[in-house]
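# Reading the structure
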Amino acid sequence: MIGAGPAGLMAAEVLVLRTRYREARPWLTPALTDFGPAALRAWALDLGITTFVGTSGRVFPQEMKAAPMLRAWLQRLRRQGVRFHMRHRWTGWGPQSELRFSAPEGLRAVRAQATVLALGGASWSRLGSDGAWVPWLRAQGVEVAELQPSNCGFDVDWSEHLRARFEGAPLKSVALEWDEGPAQTPTRRRQLGEFVVTATGMEGSLIYAASAALRERLRSVGSATCWVDLLPARTAESVLAEVTRGRGTRSLSTHLKSRLGLDGVKMGLLHELLTRQEMLDGPTLARTIKRLPIALQGPRPIDEAISSAGGVAAHAVDERLMLQRLRGVFCAGEMLDWEAPTGGYLLTACFATGRWAGEGAVRWLNLPPSDAARSLG
Ligand SMILES: Cc1cc2nc3c(=O)[nH]c(=O)nc-3n(C[C@H](O)[C@H](O)[C@H](O)COP(=O)(O)OP(=O)(O)OC[C@H]3O[C@@H](n4cnc5c(N)ncnc54)[C@H](O)[C@@H]3O)c2cc1C
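Predicted model, so just to flag it, every value in this text is computed and none were measured.

### What about the overall build of the protein?
When helices and strands are counted, the protein shows 13 helices and 16 strands. Projected onto its principal axes, the C-alpha coordinates of the protein cover approximately 85 × 45 × 40 Å. Counting all 377 residues of the protein, 45% fall into the buried class. When contacts within the protein are restricted to residue pairs at least 6 apart in sequence, long-range pairs at least 24 apart make up 69% of them. Summed over its atoms, the accessible surface of the protein is roughly 18900 Å², and 53% of this surface lies on carbon and sulfur atoms. Mean positive and mean negative side-chain charge positions of the protein (46 and 36 charges, respectively) differ by 5 Å.

### Points about the sheet that holds strand E5 (residues 106-110)
If you trace the three strands from one edge of the open sheet to the other, you get E3-E4-E5, paired in antiparallel fashion. Two strands bound the open sheet, and with one partner strand each, they are strand E3 (89-93) and E5. Mean inter-strand twist for the sheet, computed between neighbouring axes without regard to direction, equals 30°. With four bridges connecting them, E3 and strand E4 (residues 99-103) associate as antiparallel partners. When the bridges of E4 are listed, tryptophan 93 appears paired with leucine 99.

### Quick word on the domain arrangement of the protein
Examined at the domain level, the protein breaks down into domain 1 (6-149 + 307-375) and domain 2 (154-299). A straight line from the C-alpha centre of domain 1 to that of domain 2 covers 40 Å. Taken together, the six residues of domain 1 in the interface contact six residues of domain 2. Summed over both partners, the interface of domain 1 with domain 2 buries about 490 Å², with 42% contributed by carbon and sulfur atoms. Counting the surface domain 1 buries against domain 2, the share from its top three residues, Gln148, Pro149 and Glu339, is 67%. Where domain 1 touches domain 2, the interface holds two salt bridges. A salt bridge links glutamate 146 to arginine 219; the shortest N-O distance between them is 3.5 Å. Viewed at the interface, domain 2 and domain 1 are joined by five residue pairs in polar contact (both at pLDDT 80 or more). By residue number, the principal contributor to the side of domain 1 that touches domain 2 is strand E7 (residues 144-150), which donates three residues. Its residues assigned to classes, the side of domain 1 that touches domain 2 comprises two nonpolar, two polar and two charged.

### Observations regarding the sheet that holds strand E11 (residues 201-203)
In spatial order, the strands read E13-E12-E9-E10-E11-E8-E14; together these seven strands make up an open sheet with antiparallel pairing. Across the chains shown, the open sheet's two edge strands, defined by having one partner strand only, are strand E13 (292-296) and strand E14 (298-299). As defined by bridge partners, strand E9 (residues 170-180) adjoins strand E10 (residues 187-197) across nine bridges and the pair is classed as antiparallel. Bridged to aspartate 179 within E10 is arginine 188. Against the sheet, helix H12 (residues 282-290) makes contact with strand E12 (224-229) and E13, and its axis sits at roughly 100° relative to E12, the strand it touches most.

### Things to note about the state of the cysteines
Within this structure, the stated rule accounts for zero disulfides. Lacking any disulfide linkage, cysteine 331 is separated from the closest cysteine sulfur, that of cysteine 350, by 13 Å. Judged by relative accessible area, cysteine 331 falls into the buried class, the value being 0%. By relative accessible area, cysteine 350 is classed as buried at 8%.

### Some details on the environment of alanine 236
Along the chain, the position of alanine 236 falls in helix H8 (residues 236-244). On the basis of relative accessibility, which here comes to 41%, the residue alanine 236 falls in the partly exposed class.

### Looking at the packing of helix H3 (residues 37-46) against helix H4 (residues 67-80)
Viewed as axis vectors pointing N to C, H3 and H4 meet at an angle of 70°, and their least axial separation amounts to 10 Å. By the angle between their directions, the pair H3 and H4 is classed as roughly perpendicular. Contacts from Trp43, Ala44 and Asp46 in H3 reach Met69, Trp73 and Arg76 in H4. The residue inventory of the contact of H3 with H4, partitioned by class, reads four nonpolar, no polar and two charged.

### Re the pattern of salt bridges
Tallied over the entire structure, the rule returns 22 salt bridges. Here arginine 108 ties to glutamate 105 by a salt bridge, and the two come within 3.9 Å at their closest N and O atoms. With relative accessibility at 56%, the residue glutamate 105 sits in the exposed group. Ionic pairing is found between glutamate 304 and arginine 300, a salt bridge with its closest N-O pair at 2.9 Å.

### Some thoughts on H12
Taken across its nine residues, H12 has seven buried, putting it largely inside the fold. Within the sequence span of H12, burial applies to Gly282, Thr284, Leu285, Ala286, Thr288, Ile289 and Lys290. On its buried side, H12 packs onto E12, H8, helix H9 (252-260), helix H10 (264-273), helix H11 (276-279) and E13.

Parameters at a glance
- Residues numbered from 1 in each chain as written.
- Predicted model: local features only at pLDDT ≥ 70, side-chain atom pairs only at ≥ 80, totals over all residues.
- Heavy atoms only, no water.
- Helix = DSSP H or I, 4+ residues; strand = E, 2+ residues; numbered from the N terminus.
- Buried < 20%, exposed > 50% of the residue type's maximum accessible area, 1.4 Å probe, protein only.
- Contact = heavy atoms within 4.5 Å.
- Areas by Shrake-Rupley, 256 points an atom, 1.4 Å probe, with all protein chains shown as cover.
- Lys, Arg positive; Asp, Glu negative; His and termini not counted.
- Charge placed at Lys NZ, Arg CZ, Asp CG, Glu CD.
- Pairing = 2+ DSSP bridges.
- Axes fitted to C-alpha atoms, helices over the stretch in contact; angles between N-to-C directions.
- Domains from an automatic or database assignment.
- Buried area = accessible area lost by both parts, 1.4 Å probe.
- Salt bridge = Lys/Arg side-chain N within 4 Å of Asp/Glu carboxyl O.
- Polar contact = N/O pair within 3.5 Å; in protein donor to acceptor, adjacent residues only side chain to side chain.
- Nonpolar A, V, L, I, M, F, W, Y, C, P; charged D, E, K, R; others polar.
- Disulfide = S-S within 2.5 Å.
- Parallel < 35°, antiparallel > 145°, perpendicular 65-115°, else oblique.

See the structure below:
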């Protein structure tokens, strides 16, 4: 097992349990392959971690902390017999197909009957996932799609004024619209949420949700725009009515704040986008409040992204995630070519593929199935 992220740990657990327990339980196979929320909760509970299902349907640890779960998981893995080789950096395969590691004591070569690669993507490389494996797999004839930023921020050419005044300001309770799919026949998407204005552009969960589509649009068309509804709870008609309502001697800012609650960074963005004259034109102002266009220049660098898109191509692995070109070598987690929004979807897929690859390695090694799998399902 190379890589001790969630995918690697899950694959290790499946493998070590299958080596320890020998009783056949084929009827558990569907549960092992289907690691849904119920299975995840049972698995966590088995670790002594109670969970709850939030209003979004997502599963959270009761303590709202990941560290106790990780600690309990590592302790259990050690008890079960998983041996961790810390500060071992895999550096690819040697001429005899041996795994090569740079270890504290020097270079180590390891021959393995089965290998699960769970090396992550290339974001936050200081945590160890640096994507160095990409050329090593490609050199073995494995198709690997270019790693790209996913769940990432985007650069916007803000004015110095906006940057100075509103860097770090959150835009709460807004809606984002963006186009997905082919440029000629796009599908308009809309989502409520929040994001933050940064020195270089925009960042945050709402932007991440649109990041795959926006990144693809930038790649294919060379430009991308998203639109912000600053007042999603109000209809366009009511916004227009309030904007054009007589304001007497009150300034426009005071009027918009008192009638629509618009101030701070929301007003900053309106001033950024509209000329003084346009601000005074009721229909233009109302339209922009409901659909403020923001032109994106490009995604932030992959190292800043929450996750990576790209990776080992789907057709480069078999149904058990074993590489077609390298028999006995399995891949799991974010290094596979998929992407998903944050909010648990990434971890869920990492857990699931880690289990799947671990199961694949169990079969490859022809190990007898065990009833221990029940504690995982
Ligand atoms: C700041 C941040 C917040 C996130 N929040 C969420 C969230 O809220 N919900 C969610 O679902 N996901 C979230 N994610 C994403 C999630 O953490 C990842 O998708 C997940 O950790 C990927 O799991 P993995 O096991 O595939 O890879 P990783 O977790 O990246 O683990 C890979 C491991 O392999 C090791 N490795 C890499 N190369 C080598 C090598 N050559 N030799 C030896 N070891 C190597 C790395 O050091 C690392 O320990 C977040 C990510 C970040 C950065």
